[in-house]
Amino acid sequence: MSEKEKINKDKLPKHVAIIMDGNGRWAKQKGAERIFGHENGVKSVRETVEAAAEIGVEYLTLYAFSTENWNRPKEEVDALMELLVHTISAETPTLNKNNIRLQAIGDLKSLPGNCHSELQEAIEKTKNNSRTTLILALSYSSRWEITNAVKQIAEKVENKTLKASEITEETINQHLCTSDFPEPELMIRTSGEYRISNFLLWQLAYAELYFTEKLWPDFNKEEFYKAIISFQNRERRFGKISEQLYS
Ligand code: FPP
């Protein structure tokens, strides 16, 4: 039985978030430049998006570039931006063909002009698609996002459109970049690193975490399905005890 056949379609996570890690190490193992790893990472992006759409995962968030990644050598940052622009424009027809909507979260204004405009164009062109929503986290970090949310809420309190006593978890949710999406139920990180690295800290509160030793360019459909099966074999208690879930 293939991994895909083992999946229970009635127990799918609605939203899966992925930290794609290990491109640099993958390239180094092959004696190549780091960018070679990123280029091969695009193949895994394609496979993962296809896999998610095929089984019916509704939202897929990929951590493509963190706020901290701006500190990498300029050569690598430039090459990554170039790769993003190229990939987004080359893949838009495929996204449309497969009914996939593209969205992005992060400090998008900090992206180079051509990257920002290419992204907005792809978002616009795919906005009516409804099978799966692919969310790219670009120039994103959770602390940046939460700080922004706090600022917006504080401004509303300052100009008296909101009372401090009325602030609830929902108020916070509405001011995050992810306000239009459900919380991820499964977070996958590749490359054997066991960290969340400033990714969706608020939203992952109840997510199941899945770590694999595979480096991102070696991640494929089978690996994605394995993560889904692992998710389905877990008992999600949300603070309750096991007996309460089945009574
Ligand atoms: C992490 O590996 C990967 C990244 C920071 C970039 C991910 C980008 C892509 C896969 C390419 C384009 C993506 C899209 C969505 C079109 P790393 O460089 O941190 O690897 P290392 O930990 O081995 O150094």
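See the structure shown above.
Read on for an overview of the structure. Throughout, residues of each chain are indexed from 1 in the direction in which the sequence is written. Under the rules for a predicted model, residues below a pLDDT of 70 receive no local features and side-chain atom pairs below 80 are neither given nor counted, while totals for whole chains, interfaces and linings still include all residues. Computation of side-chain values: all heavy atoms of the structure, hydrogens and water removed.

In the neighbourhood of the ligand, 19 residues make up the surrounding shell, with Asp21, Gly24, Arg25, Arg34 and Arg72 lying closest. Side-chain atoms alone can form a polar contact between residues adjacent in sequence; in general such a contact is a pair of N or O atoms within 3.5 Å, and within protein one must be able to donate a hydrogen while the other accepts it. Residue Gly24 places a main-chain N or O atom 3.0 Å away from an oxygen atom belonging to the ligand. In these tables, accessible area is a Shrake-Rupley quantity obtained with a 1.4 Å probe, and a residue counts as shielded only by the protein chains included in the view. Out of a free accessible area of 630 Å², the ligand has 92% covered by protein chains. To qualify as a helix, a DSSP run of H or I must reach at least 4 residues; to qualify as a strand, a run of E must reach at least 2; elements of each kind are numbered from the N terminus. Those elements that place two or more of their residues in the shell around the ligand are α1 (23–29), α2 (34–55) and α3 (74–97). In terms of residue class, the shell around the ligand is made up of eight nonpolar, seven polar and four charged. Nearness of a residue to a molecule or strand requires only that one of the residue's heavy atoms be within 4 Å of it. Only Asp, Glu, Lys and Arg are considered charged in this grouping, and only Ala, Val, Leu, Ile, Met, Phe, Trp, Tyr, Cys and Pro are considered nonpolar; every other residue, Gly among them, is considered polar.

Should DSSP find at least two bridges between two strands, the strands are regarded as paired. Taken in spatial order, the six strands of this open sheet run β3-β4-β2-β1-β5-β6, and their pairing is parallel. In this open sheet, the two edge strands, each paired with only one partner strand, are β3 (100–105) and β6 (208–211). Strand-to-strand, the axes of this sheet are offset by a mean angle of 20°, without reference to chain direction. Where strand β1 (residues 15–19) meets strand β2 (residues 59–66), five bridges bridge the pair, whose relative direction is parallel. When the sheet's bridge partners are listed, Ile18 is paired in β2 with Leu62. The angle between two axes is taken between their N-to-C directions and runs from 0 to 180 degrees, where each axis is a line fitted to C-alpha atoms and a helix contributes only its stretch in contact.

A few words on the packing of α2 against helix α7 (residues 221–232). Direction vectors running N to C along α2 and α7 enclose 50°, while the axes themselves pass 8 Å from each other. By the angle between their directions, the pair α2 and α7 is classed as oblique. When the axes of α2 and α7 are compared, the crossing they make is right-handed. Where α2 approaches α7, its residues Glu47, Thr48, Glu50, Ala51, Ala52, Glu54 and Ile55 are matched on the opposing element by Lys221, Phe224, Tyr225 and Ile228. For the contact of α2 with α7, the per-class residue count stands at six nonpolar, one polar and four charged. Comment on the angle field: the value is read as roughly parallel under 35 degrees, roughly antiparallel over 145, roughly perpendicular from 65 to 115, and oblique elsewhere. A crossing counts as left-handed when the near helix is turned anticlockwise from the far one by less than a right angle, and as right-handed when that turn is clockwise. Here, residues are in contact when the closest pair of their heavy atoms is within 4.5 Å.

With that settled, consider the environment of Glu82. Examined against the element boundaries, Glu82 turns out to sit in helix α3. Of the residues examined, Glu82 reaches a relative accessible area of 53% and is grouped as exposed. With 30 residues separating them in the primary sequence, Glu82 and Pro112 have C-alpha atoms 9.5 Å apart. Each residue is placed in one exposure class: buried if its accessible area under a 1.4 Å probe, protein chains only, is under 20% of its type's maximum, exposed if it is over 50%, and partly exposed if it falls in between.

A pairing counts as a salt bridge when a side-chain nitrogen of Lys or Arg comes within 4 Å of a carboxyl oxygen of Asp or Glu. For the structure shown, the criterion picks out 17 salt bridges. For Lys125, the salt bridge identified is with Glu121, shortest N-O distance 3.2 Å. Note that Lys125 and Glu121 are positioned in helix α4 (residues 113–125) at a spacing of four residues, about one turn of the helix. Between Arg237 and Glu235 there is a salt bridge; the shortest N-O distance is 2.8 Å. Judged by relative accessible area, which is 39%, Arg237 ranks as partly exposed. A network of salt bridges, in which partner residues are shared, links Asp21, Arg25, Arg189, Glu193 and Arg195.

Inspection of the secondary structure puts Tyr210 in strand β6. Spatially, the C-alpha atoms of Tyr210 and Phe199 are 14 Å apart, while their sequence positions differ by 11 residues. Leaving out residues up to four positions away in the same chain, Tyr210 has contacts with Leu186, Met187, Ile188, Arg189, Lys226, Ala227, Ser230 and Arg234.

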